[in-house]
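Inside the fold
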Amino acid sequence: MSRTIRKKHLLAGLATAGVLGVGIAAPTIAFAADTPTPAPSVSSAPAPGAKADRQGEFAEALAKELGVPTDKVTAALEKVREQHRPADRPQRPSGEDRKAALKERLDQAVKDGKLTQEQADAITKAVEAGVFPGAGRGPRGWGGS
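Remarks on helix 5 (residues 117-128)
With twelve residues, helix 5 ought to run about 16 Å at 1.5 Å a step, and its terminal C-alpha atoms sit 16 Å apart, in line with that. For helix 5, the set of buried residues is A120, A126 and V127. Buried residues in helix 5, looked at end-on, bunch into an arc of 125 degrees, giving them a common side. Helix 5 presents E118 and K125 as exposed residues on the side facing more than 90 degrees away from its buried surface. Looking at the buried residues of helix 5, the elements they touch are helix 4 (95-111). Trailing helix 5 by a residue or two, G130 shows a phi angle of about 85 degrees, which is positive.

Quick word on helix 2 (residues 50-66)
The terminal C-alpha atoms of helix 2, which comprises 17 residues, lie 24 Å apart, in line with the 24 Å expected from a rise of 1.5 Å per residue. When helix 2 is considered as a whole, its buried residues turn out to be A50, A59 and A63. Contact partners of the buried residues in helix 2: helix 3 (70-83). Where helix 2 ends, the next residue or the one after it, G67, has phi of about 75 degrees, a positive value.

Here we look at the pattern of salt bridges
Under the definition given, this model contains three salt bridges. Residues E78 and R81 are paired through a salt bridge, measuring 2.5 Å at the closest nitrogen-oxygen approach. Taken together, the residues E78 and R81, both in helix 3 and three residues apart, mark about one turn of the helix. Since its relative accessible area comes to 38%, E78 is described here as partly exposed. Taking relative accessible area as the criterion, R81 reaches 33% and is therefore assigned partly exposed. Among the ionic pairs, D107 bridges to K103, the shortest N-O distance being 3.1 Å. With D107 and K103 both in helix 4 and four residues apart, this pair spans about one turn of that helix. By relative accessible area, K103 is classed as exposed at 53%.

Cut-offs and rules
Every residue gets a number counted from 1 within its own chain, in the order that chain's sequence is written. Note on the predicted model: pLDDT of at least 70 is required for a residue's local features to be given, and 80 or more for side-chain atom pairs to be given and counted; whole-chain, interface and lining totals, by contrast, use all residues. To obtain the side-chain values, all non-hydrogen atoms of the structure were used and water was disregarded. What counts as a helix is a DSSP run of H or I of at least four residues, what counts as a strand is a run of E of at least two, and both are numbered from the N terminus. Here a helix's expected span is defined as the number of its residues, less one, multiplied by 1.5 Å. Per-residue accessibility, obtained with a 1.4 Å probe over protein chains only, is compared with the maximum for each type, and a residue is labelled buried under 20%, exposed over 50%, and partly exposed between these values. What the arc covers is the set of directions going from the helix axis to the C-beta atoms. Here a residue-residue contact requires only that any non-hydrogen atoms of the pair lie within 4.5 Å. Here, a salt bridge means any Lys or Arg side-chain nitrogen found within 4 Å of an Asp or Glu carboxyl oxygen.

This is the structure:
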């Protein structure tokens with residue numbers, strides 16, 4: 001009887017070692033892949049004027065292809081853009097308007113006791129530093145397009 005128990009223990013030990021081996025080897029192989037997935041970074045965001053630069057380059061290339069002045073092409077593109085803007089789509093508020101609205105909301109939260117003034121100041125500072133995507137300065141922020 002002790003011999004069968006030893007065989008069971010031996011098989012259980014081997015199975016456990018196999019599972020542990022696979023559990024350790026699989027992540028190691030995954031991390032050692034030749035093409036790791038790059039982590040998103042703040043520097044991968046387009047520069048604040050990148051969209052305008054691309055549009056300007058497009059207008060220049062189109063003007064060259066058509067043989068007309070660049071300013072004429074730029075004006076035509078703006079006109080077409082305005083004509084095709086949905087009527088029910090309101091203009092985006094300016095950066096200063098968004099900044100004022102945020103300040104009002106934070107002031108109200110402080111007044112209601114939901115935030116302290118220090119927390120509101122920290123939020124404002126974080127937004128201005130571009131910590132929150134789409135808020136503050138930057139491509140889609142207070143002065144962005």
